[in-house]
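# A look at the structure
Next come the chains, spelled out residue by residue.
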Amino acid sequence: MARQERKCDTMTNIEREEIFRRLTPAWCIGLMRDCLSQLEEGKAVQYLRTVTPLPSGDIMGYMPAAVSGAFGAKVITVFHHNSEKGLPSHQGSVLLFDGETGTLRAMLDGGAITEIRTGAASAVATDLLARPDAEVLALIGSGAQARSHLLAIREIRRLREVRVWSPSLESDTRFAREMGAMTGLPVRICASAREAAEGADILCTLTPSKTPVLEREWLKPGAHVNAVGACSADARELSGELVRDSVFYCDSVESVLAESGDYLIPLREGLFGEEHLRGTVGELLLGKKPGRTSPEEITVYESLGLAVEDIACAEALCRPTLLGR
(Lines give C-alpha, C1' and ligand atoms only; values in the text may rest on other atoms or scores of the structure.)
Protein backbone atom coordinates (compact mmCIF):
# COMPACT_ATOMS: atom_id res chain seq x y z
CA MET A 1 0.00 0.00 0.00
CA ALA A 2 1.39 3.39 -0.94
CA ARG A 3 2.25 5.61 1.96
CA GLN A 4 -0.24 8.35 1.01
CA GLU A 5 -3.10 5.80 1.00
CA ARG A 6 -2.65 4.67 4.57
CA LYS A 7 -5.28 5.81 7.02
CA CYS A 8 -2.70 7.01 9.51
CA ASP A 9 1.07 6.59 9.58
CA THR A 10 1.63 8.32 12.92
CA MET A 11 -0.52 9.02 15.90
CA THR A 12 -2.30 12.37 15.67
CA ASN A 13 -2.94 14.56 18.71
CA ILE A 14 -5.86 16.98 18.33
CA GLU A 15 -6.13 19.60 21.05
CA ARG A 16 -9.15 21.40 22.44
CA GLU A 17 -8.81 24.60 20.42
CA GLU A 18 -8.54 22.76 17.12
CA ILE A 19 -11.61 20.65 17.90
CA PHE A 20 -13.68 23.74 18.65
CA ARG A 21 -12.45 25.35 15.44
CA ARG A 22 -13.24 22.38 13.21
CA LEU A 23 -16.14 20.50 14.83
CA THR A 24 -18.85 23.09 14.23
CA PRO A 25 -22.34 22.55 15.67
CA ALA A 26 -23.87 22.21 12.20
CA TRP A 27 -21.32 19.59 11.10
CA CYS A 28 -21.63 17.71 14.40
CA ILE A 29 -25.44 17.59 14.13
CA GLY A 30 -25.03 15.81 10.81
CA LEU A 31 -22.49 13.41 12.34
CA MET A 32 -24.89 12.63 15.19
CA ARG A 33 -27.76 11.94 12.78
CA ASP A 34 -25.57 9.47 10.92
CA CYS A 35 -24.10 7.97 14.08
CA LEU A 36 -27.42 7.35 15.84
CA SER A 37 -28.95 5.92 12.66
CA GLN A 38 -26.00 3.55 12.23
CA LEU A 39 -26.22 2.50 15.88
CA GLU A 40 -29.87 1.53 15.38
CA GLU A 41 -28.99 -0.32 12.16
CA GLY A 42 -26.21 -2.27 13.88
CA LYS A 43 -23.47 -0.62 11.79
CA ALA A 44 -21.98 0.89 14.95
CA VAL A 45 -21.54 -0.79 18.33
CA GLN A 46 -22.08 0.81 21.73
CA TYR A 47 -20.94 -0.70 25.04
CA LEU A 48 -22.01 0.33 28.53
CA ARG A 49 -19.59 2.62 30.31
CA THR A 50 -17.58 1.48 33.30
CA VAL A 51 -17.62 4.00 36.13
CA THR A 52 -14.91 3.86 38.79
CA PRO A 53 -15.49 5.78 42.06
CA LEU A 54 -12.39 7.66 43.18
CA PRO A 55 -11.21 8.22 46.77
CA SER A 56 -12.03 11.92 46.37
CA GLY A 57 -15.70 11.09 45.83
CA ASP A 58 -15.41 11.94 42.14
CA ILE A 59 -15.45 9.44 39.28
CA MET A 60 -13.50 8.13 36.31
CA GLY A 61 -15.35 6.65 33.36
CA TYR A 62 -14.27 4.30 30.56
CA MET A 63 -16.55 4.38 27.49
CA PRO A 64 -15.77 2.08 24.52
CA ALA A 65 -17.46 1.92 21.11
CA ALA A 66 -16.86 0.96 17.47
CA VAL A 67 -17.88 2.56 14.18
CA SER A 68 -17.15 1.56 10.59
CA GLY A 69 -13.38 1.43 10.15
CA ALA A 70 -12.45 2.47 13.68
CA PHE A 71 -12.96 1.79 17.36
CA GLY A 72 -11.88 3.39 20.58
CA ALA A 73 -12.81 4.70 23.96
CA LYS A 74 -13.21 7.86 25.92
CA VAL A 75 -11.56 7.97 29.32
CA ILE A 76 -12.97 10.81 31.35
CA THR A 77 -12.98 12.20 34.88
CA VAL A 78 -15.89 14.04 36.48
CA PHE A 79 -14.93 16.42 39.31
CA HIS A 80 -18.00 18.50 40.11
CA HIS A 81 -16.14 21.02 42.31
CA ASN A 82 -13.70 21.98 39.57
CA SER A 83 -15.71 25.11 38.80
CA GLU A 84 -14.37 26.55 42.06
CA LYS A 85 -10.88 26.15 40.60
CA GLY A 86 -11.73 27.55 37.19
CA LEU A 87 -11.62 24.10 35.58
CA PRO A 88 -14.26 22.11 33.68
CA SER A 89 -16.02 19.37 35.63
CA HIS A 90 -15.56 16.86 32.78
CA GLN A 91 -12.06 16.20 31.45
CA GLY A 92 -10.52 13.38 29.48
CA SER A 93 -9.33 12.01 26.16
CA VAL A 94 -10.78 10.08 23.25
CA LEU A 95 -8.49 7.33 21.94
CA LEU A 96 -9.13 6.33 18.31
CA PHE A 97 -7.77 3.05 16.90
CA ASP A 98 -7.66 1.77 13.32
CA GLY A 99 -10.30 -0.90 12.74
CA GLU A 100 -8.05 -3.04 10.50
CA THR A 101 -4.76 -3.01 12.38
CA GLY A 102 -5.59 -1.95 15.95
CA THR A 103 -3.05 0.86 15.63
CA LEU A 104 -3.63 3.94 17.77
CA ARG A 105 -4.55 6.62 15.22
CA ALA A 106 -5.27 9.62 17.40
CA MET A 107 -5.77 11.06 20.85
CA LEU A 108 -8.27 13.90 21.04
CA ASP A 109 -9.40 16.24 23.81
CA GLY A 110 -12.40 14.46 25.35
CA GLY A 111 -13.90 17.49 27.02
CA ALA A 112 -14.23 19.41 23.77
CA ILE A 113 -15.77 16.49 21.90
CA THR A 114 -18.16 15.76 24.78
CA GLU A 115 -19.28 19.37 24.96
CA ILE A 116 -19.99 19.71 21.24
CA ARG A 117 -21.49 16.28 20.51
CA THR A 118 -23.84 16.35 23.51
CA GLY A 119 -25.47 19.56 22.34
CA ALA A 120 -25.55 18.27 18.77
CA ALA A 121 -27.25 15.01 19.79
CA SER A 122 -29.84 16.97 21.77
CA ALA A 123 -30.41 19.14 18.70
CA VAL A 124 -31.12 16.01 16.63
CA ALA A 125 -33.65 14.86 19.23
CA THR A 126 -35.14 18.35 19.48
CA ASP A 127 -35.56 18.54 15.72
CA LEU A 128 -37.47 15.24 15.80
CA LEU A 129 -39.57 15.83 18.92
CA ALA A 130 -40.08 19.56 19.53
CA ARG A 131 -42.89 21.45 17.87
CA PRO A 132 -41.88 23.05 14.57
CA ASP A 133 -42.86 26.47 15.92
CA ALA A 134 -40.77 26.19 19.11
CA GLU A 135 -38.94 29.46 19.70
CA VAL A 136 -38.30 29.92 23.45
CA LEU A 137 -35.36 27.97 24.90
CA ALA A 138 -34.86 27.51 28.65
CA LEU A 139 -31.48 26.37 29.96
CA ILE A 140 -31.32 25.00 33.51
CA GLY A 141 -27.59 25.33 34.03
CA SER A 142 -25.16 27.89 32.63
CA GLY A 143 -21.94 25.96 32.11
CA ALA A 144 -20.29 24.42 29.06
CA GLN A 145 -23.32 22.33 28.13
CA ALA A 146 -25.59 25.38 28.21
CA ARG A 147 -23.30 26.98 25.63
CA SER A 148 -23.22 23.83 23.53
CA HIS A 149 -27.00 23.36 23.59
CA LEU A 150 -27.73 26.95 22.67
CA LEU A 151 -25.31 26.87 19.73
CA ALA A 152 -26.70 23.56 18.46
CA ILE A 153 -30.42 24.14 18.98
CA ARG A 154 -30.33 27.50 17.22
CA GLU A 155 -29.22 25.52 14.14
CA ILE A 156 -32.54 23.61 14.01
CA ARG A 157 -35.08 26.11 15.41
CA ARG A 158 -35.51 29.85 14.90
CA LEU A 159 -35.18 31.00 18.50
CA ARG A 160 -36.78 34.21 19.70
CA GLU A 161 -35.74 34.13 23.36
CA VAL A 162 -33.25 32.28 25.55
CA ARG A 163 -33.67 31.96 29.30
CA VAL A 164 -31.05 30.75 31.75
CA TRP A 165 -31.00 29.81 35.43
CA SER A 166 -28.44 28.12 37.65
CA PRO A 167 -27.58 28.41 41.35
CA SER A 168 -24.75 30.80 40.41
CA LEU A 169 -25.85 34.30 39.43
CA GLU A 170 -22.25 35.08 38.51
CA SER A 171 -22.18 32.19 36.03
CA ASP A 172 -25.60 33.14 34.64
CA THR A 173 -24.50 36.74 34.14
CA ARG A 174 -21.33 35.71 32.33
CA PHE A 175 -23.26 33.26 30.15
CA ALA A 176 -25.91 35.83 29.23
CA ARG A 177 -23.31 38.43 28.33
CA GLU A 178 -21.07 36.13 26.29
CA MET A 179 -23.73 34.08 24.52
CA GLY A 180 -25.94 37.07 23.84
CA ALA A 181 -23.01 38.74 22.10
CA MET A 182 -22.07 35.56 20.22
CA THR A 183 -25.56 34.65 18.98
CA GLY A 184 -27.32 38.01 18.82
CA LEU A 185 -30.21 36.47 20.79
CA PRO A 186 -31.74 38.01 23.90
CA VAL A 187 -30.65 35.93 26.92
CA ARG A 188 -32.77 36.51 30.02
CA ILE A 189 -31.39 35.65 33.45
CA CYS A 190 -34.14 34.10 35.57
CA ALA A 191 -34.53 34.13 39.33
CA SER A 192 -35.56 30.47 39.53
CA ALA A 193 -35.79 27.31 37.48
CA ARG A 194 -39.55 27.72 37.52
CA GLU A 195 -39.35 31.20 36.00
CA ALA A 196 -37.10 29.87 33.25
CA ALA A 197 -39.36 26.88 32.55
CA GLU A 198 -42.84 28.39 32.52
CA GLY A 199 -43.93 29.06 28.97
CA ALA A 200 -40.74 27.70 27.38
CA ASP A 201 -40.99 25.55 24.25
CA ILE A 202 -37.67 23.73 24.61
CA LEU A 203 -36.04 23.04 27.98
CA CYS A 204 -32.60 21.60 28.69
CA THR A 205 -31.59 20.37 32.15
CA LEU A 206 -27.80 20.56 32.33
CA THR A 207 -26.95 20.18 36.01
CA PRO A 208 -25.12 17.75 38.32
CA SER A 209 -28.16 17.71 40.64
CA LYS A 210 -29.24 14.37 42.11
CA THR A 211 -32.75 15.66 42.83
CA PRO A 212 -35.34 17.08 40.41
CA VAL A 213 -34.77 20.60 39.09
CA LEU A 214 -37.79 20.52 36.75
CA GLU A 215 -41.41 19.92 37.84
CA ARG A 216 -44.38 18.80 35.77
CA GLU A 217 -46.61 21.76 36.65
CA TRP A 218 -44.09 24.25 35.27
CA LEU A 219 -44.32 22.95 31.71
CA LYS A 220 -46.83 24.13 29.16
CA PRO A 221 -48.54 21.70 26.77
CA GLY A 222 -46.33 20.84 23.83
CA ALA A 223 -43.01 21.50 25.58
CA HIS A 224 -39.94 19.42 24.77
CA VAL A 225 -37.28 18.55 27.38
CA ASN A 226 -33.68 17.45 26.85
CA ALA A 227 -32.60 15.79 30.12
CA VAL A 228 -28.81 15.80 30.00
CA GLY A 229 -27.19 16.25 33.41
CA ALA A 230 -28.15 13.11 35.36
CA CYS A 231 -26.14 10.07 34.29
CA SER A 232 -26.47 7.56 37.13
CA ALA A 233 -29.25 5.36 38.47
CA ASP A 234 -29.50 7.34 41.73
CA ALA A 235 -29.66 10.84 40.18
CA ARG A 236 -32.48 12.63 38.39
CA GLU A 237 -33.23 16.11 37.13
CA LEU A 238 -36.90 15.52 36.23
CA SER A 239 -39.75 14.89 38.65
CA GLY A 240 -41.45 11.53 38.40
CA GLU A 241 -44.73 13.19 37.44
CA LEU A 242 -43.06 14.98 34.54
CA VAL A 243 -41.61 11.72 33.21
CA ARG A 244 -44.93 9.95 33.75
CA ASP A 245 -46.83 12.53 31.71
CA SER A 246 -44.29 12.65 28.87
CA VAL A 247 -43.57 10.82 25.65
CA PHE A 248 -40.16 9.46 26.70
CA TYR A 249 -37.32 8.78 24.23
CA CYS A 250 -33.60 8.23 24.77
CA ASP A 251 -30.24 7.77 23.04
CA SER A 252 -29.82 4.13 24.18
CA VAL A 253 -32.35 1.79 25.81
CA GLU A 254 -29.55 -0.26 27.37
CA SER A 255 -28.03 2.85 28.93
CA VAL A 256 -31.38 4.05 30.28
CA LEU A 257 -32.09 0.70 31.93
CA ALA A 258 -28.65 0.76 33.59
CA GLU A 259 -27.99 4.44 34.31
CA SER A 260 -31.02 6.72 34.08
CA GLY A 261 -32.38 7.80 37.44
CA ASP A 262 -34.86 10.02 35.58
CA TYR A 263 -36.50 6.80 34.36
CA LEU A 264 -35.55 4.15 36.94
CA ILE A 265 -36.56 6.00 40.11
CA PRO A 266 -40.18 6.75 39.10
CA LEU A 267 -40.38 3.26 37.56
CA ARG A 268 -39.53 1.78 40.98
CA GLU A 269 -42.05 4.14 42.56
CA GLY A 270 -44.75 2.62 40.35
CA LEU A 271 -45.59 5.77 38.40
CA PHE A 272 -45.48 3.86 35.12
CA GLY A 273 -44.44 0.53 33.61
CA GLU A 274 -41.54 -0.49 31.42
CA GLU A 275 -43.58 0.23 28.30
CA HIS A 276 -43.27 3.95 29.08
CA LEU A 277 -39.85 4.02 27.40
CA ARG A 278 -40.92 4.59 23.80
CA GLY A 279 -37.59 4.01 22.06
CA THR A 280 -34.49 5.72 20.74
CA VAL A 281 -33.61 8.69 18.57
CA GLY A 282 -32.15 6.20 16.12
CA GLU A 283 -35.57 4.60 15.75
CA LEU A 284 -37.08 8.03 15.15
CA LEU A 285 -34.49 8.80 12.49
CA LEU A 286 -35.25 5.55 10.68
CA GLY A 287 -39.02 6.01 10.93
CA LYS A 288 -39.48 3.01 13.22
CA LYS A 289 -41.22 5.07 15.92
CA PRO A 290 -43.68 7.95 15.52
CA GLY A 291 -42.27 10.51 17.99
CA ARG A 292 -44.61 13.41 18.72
CA THR A 293 -48.19 12.63 17.70
CA SER A 294 -49.95 15.82 18.84
CA PRO A 295 -49.06 19.49 19.44
CA GLU A 296 -50.00 19.16 23.14
CA GLU A 297 -47.75 16.24 24.06
CA ILE A 298 -44.80 16.83 26.37
CA THR A 299 -41.77 15.06 24.93
CA VAL A 300 -38.56 14.08 26.73
CA TYR A 301 -35.20 13.07 25.33
CA GLU A 302 -33.07 11.32 27.95
CA SER A 303 -29.41 11.82 27.07
CA LEU A 304 -26.95 9.48 28.78
CA GLY A 305 -24.10 10.31 26.41
CA LEU A 306 -22.74 7.57 24.18
CA ALA A 307 -19.15 6.64 23.41
CA VAL A 308 -20.19 5.87 19.84
CA GLU A 309 -20.87 9.60 19.45
CA ASP A 310 -17.34 10.42 20.64
CA ILE A 311 -15.77 7.85 18.34
CA ALA A 312 -17.83 9.06 15.37
CA CYS A 313 -16.58 12.61 15.96
CA ALA A 314 -12.98 11.43 16.38
CA GLU A 315 -13.13 9.32 13.22
CA ALA A 316 -14.53 12.24 11.22
CA LEU A 317 -11.88 14.63 12.51
CA CYS A 318 -9.13 12.15 11.62
CA ARG A 319 -10.18 11.31 8.07
CA PRO A 320 -7.10 11.82 5.86
CA THR A 321 -8.87 14.37 3.67
CA LEU A 322 -9.75 16.47 6.71
CA LEU A 323 -6.54 16.38 8.75
CA GLY A 324 -5.36 19.50 6.97
CA ARG A 325 -8.56 21.48 7.59
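Quick note: structure is the one above.
Residues numbered from 1 in each chain as written. Predicted model: local features only at pLDDT ≥ 70, side-chain atom pairs only at ≥ 80, totals over all residues. Heavy atoms only, no water.

Before going further, it helps to examine the environment of G61. Here G61 lies in strand β4 (residues 59–67). On the basis of relative accessible area, G61 is assigned to the buried category, the value being 8%. For the pair formed by G61 and E315, sequence separation is 254 residues and the distance between their alpha carbons is 20 Å. For G61, the residues in contact, after removing those within four places along its chain, are T50, V51, K74, V75 and I76. (Helix = DSSP H or I, 4+ residues; strand = E, 2+ residues; numbered from the N terminus. Buried < 20%, exposed > 50% of the residue type's maximum accessible area, 1.4 Å probe, protein only. Contact = heavy atoms within 4.5 Å.)

In space, the eight strands of this open sheet follow the order β10-β9-β8-β11-β12-β15-β13-β14, with parallel pairing throughout. Of all the strands in the sheet, the pair left with one neighbour each is β10 (187–189) and β14 (277–280). On average, adjacent strands in this sheet sit at an angle of 20° to one another, irrespective of strand direction. Where helix α4 (residues 144–153) meets the sheet, its contacts fall on β8 (136–140), β9 (161–165), β11 (202–205) and β12 (224–227), and the angle it forms with β8 comes to roughly 165°. (Pairing = 2+ DSSP bridges. Axes fitted to C-alpha atoms, helices over the stretch in contact; angles between N-to-C directions.)

Okay, the pattern of salt bridges next. As enumerated under the stated definition, the model contains 25 salt bridges in all. For the salt bridge of E135 with R160, the shortest nitrogen-to-oxygen distance reads 3.0 Å. Of this pair, E135 sits in the loop between α3 (110–129) and β8 while R160 sits in the loop between α4 and β9, and the two are 25 residues apart along the sequence. With relative accessibility at 30%, the residue E135 sits in the partly exposed group. For R160, a relative accessible area of 47% puts it in the partly exposed group. The partner of R244 in a salt bridge is D245, with the nearest N and O atoms 2.9 Å apart. The partly exposed category is assigned to R244, whose relative accessible area is 35%. Three or more residues joined by partner-sharing salt bridges are found here, namely R16, D109, E115 and R147. (Salt bridge = Lys/Arg side-chain N within 4 Å of Asp/Glu carboxyl O.)

As for its position among the elements, R292 is in the loop between α10 (281–285) and β15 (298–302). In this structure, R292 is buried with no salt-bridge partner, the nearest side chain bearing the opposite charge being E297 at 5.2 Å. A distance of 3.4 Å separates a polar side-chain atom of R292 from the backbone oxygen of P295. Setting aside residues no more than four positions away along its own chain, R292 makes contact with L129, A130, R131, G222, A223, H224, E297 and T299. (Lys, Arg positive; Asp, Glu negative; His and termini not counted. Polar contact = N/O pair within 3.5 Å; in protein donor to acceptor, adjacent residues only side chain to side chain.)

A few words on the side chain of R22. Turning to its location among the elements, R22 is positioned in helix α1 (residues 16–22). A polar atom in the side chain of R22 sits 2.8 Å from the side chain of E18. From its side chain, R22 meets the backbone oxygen of L317 in a polar contact 2.6 Å long.

Okay, helix α2 (residues 25–41) next. Here α2 spans 24 Å end to end across 17 residues, near enough to the 24 Å set by a 1.5 Å rise per residue. Among all positions of α2, only C28, I29, L31, M32, C35, L36, S37 and L39 are buried. Once α2 ends, the next one or two residues include G42, with phi positive near 85°. (Expected span 1.5 Å × (residues − 1).)

Moving on, we come to the packing of aromatic side chains. Applying the stated criterion across every chain, the model contains three aromatic pairs. Ring pairs connect the aromatic residues F248, Y263 and F272, which therefore count as one cluster. (Phe/Tyr/Trp six-rings, centres within 6.5 Å; stacked < 30°, edge-to-face > 60°.)

Axis angle and axis distance: for two packed helices, these are the angle between their axes and the distance between the axes, and together they describe the pair. Contact pair α4 / helix α5 (residues 169–183): the axes reach a minimum separation of 11 Å and the direction vectors enclose 25°. It follows that α4 is roughly parallel to α5 by the angle criterion. The handedness of the crossing between α4 and α5 is right-handed. Across the interface between the two elements, A146, R147, L150 and L151 of α4 pack against F175, M179, M182 and T183 of α5. Partitioned by chemical class, the residues of the contact of α4 with α5 number six nonpolar, one polar and one charged. (Parallel < 35°, antiparallel > 145°, perpendicular 65-115°, else oblique. Left-handed = near helix turned anticlockwise from the far one by under 90°. Nonpolar A, V, L, I, M, F, W, Y, C, P; charged D, E, K, R; others polar.)

Treat this as a map of the structure, not an account of what it does.
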